Amino acid sequence: RALLASKPRPDAVISVHPLMQGPAMRALSSNDGGARTTPFATVVTDLGSAHPAWFHPDVDACFVPSDALHTLASERGLRGSQI
């Protein structure tokens, strides 16, 4: 959290771990005054299947490595504009 509060602020945050999205977005929201304004993206590193935690509904972008995971992200609630 201290890193996220540092100056200069990050232009964006990219997550490559499915379990760290929620904590990082909460810290950003806190540091952004209650509403996250810092863009947040996830890069899914699993190739064939993926844990549901990869697909956090509040990410700005979710990058997936295959059509199968694109379909899975959609099935898990991400909008097309996020994938």
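In case you missed it, the structure is sitting above this.
The structure presented is a predicted model; accordingly, all values stated were derived computationally and were not measured. (Residues numbered from 1 in each chain as written. Predicted model: local features only at pLDDT ≥ 70, side-chain atom pairs only at ≥ 80, totals over all residues. Heavy atoms only, no water.)

**With respect to the pairing of strand β2 (residues 40-43)**
At step 1: Pairing between strand β1 (residues 13-15) and β2: three bridges, direction parallel. Each bridged residue has a counterpart across the sheet, and for Ile14 the counterpart in β2 is Ala41.
At step 2: Between the parallel elements β1 and β2, the chain passes through helix α2 (residues 21-31) in a crossover that is right-handed.
At step 3: In this structure, β2 lies alongside strand β3 (residues 61-63), joined through three bridges in parallel fashion. Following the sheet pairing, Thr42 is matched in β3 by Cys62. (Pairing = 2+ DSSP bridges. Helix = DSSP H or I, 4+ residues; strand = E, 2+ residues; numbered from the N terminus. Right-handed = clockwise from strand over helix to strand, strands pointing away.)

**As for the sheet that holds β3**
At step 1: Pairing in this open sheet of three strands is parallel, and the strands run β1-β2-β3 from one edge to the other. At either end of the open sheet lies a strand with only one pairing partner, and these are β1 and β3. Pairs of neighbouring strands in the sheet enclose a mean axial angle of 20°, with direction left out of account.
At step 2: Contacts between α2 and the sheet are confined to β1 and β2, with β2 contributing the most and set at about 165° to the helix. (Axes fitted to C-alpha atoms, helices over the stretch in contact; angles between N-to-C directions. Contact = heavy atoms within 4.5 Å.)

**Section: the side chain of Gln82**
At step 1: Looking at the element boundaries, Gln82 is found in the segment after α3 (67-75).
At step 2: The class of Gln82 is buried, set by a relative accessible area of 3%.
At step 3: Within the structure, the side chain of Gln82 is placed 2.8 Å from the backbone oxygen of Val59, a separation counted as a polar contact.
At step 4: If we ignore the near neighbours within four places in the chain, the residues touching Gln82 are His56, Pro57, Asp58, Val59, Asp60, Ala61, Cys62 and Gly77. (Buried < 20%, exposed > 50% of the residue type's maximum accessible area, 1.4 Å probe, protein only. Polar contact = N/O pair within 3.5 Å; in protein donor to acceptor, adjacent residues only side chain to side chain.)

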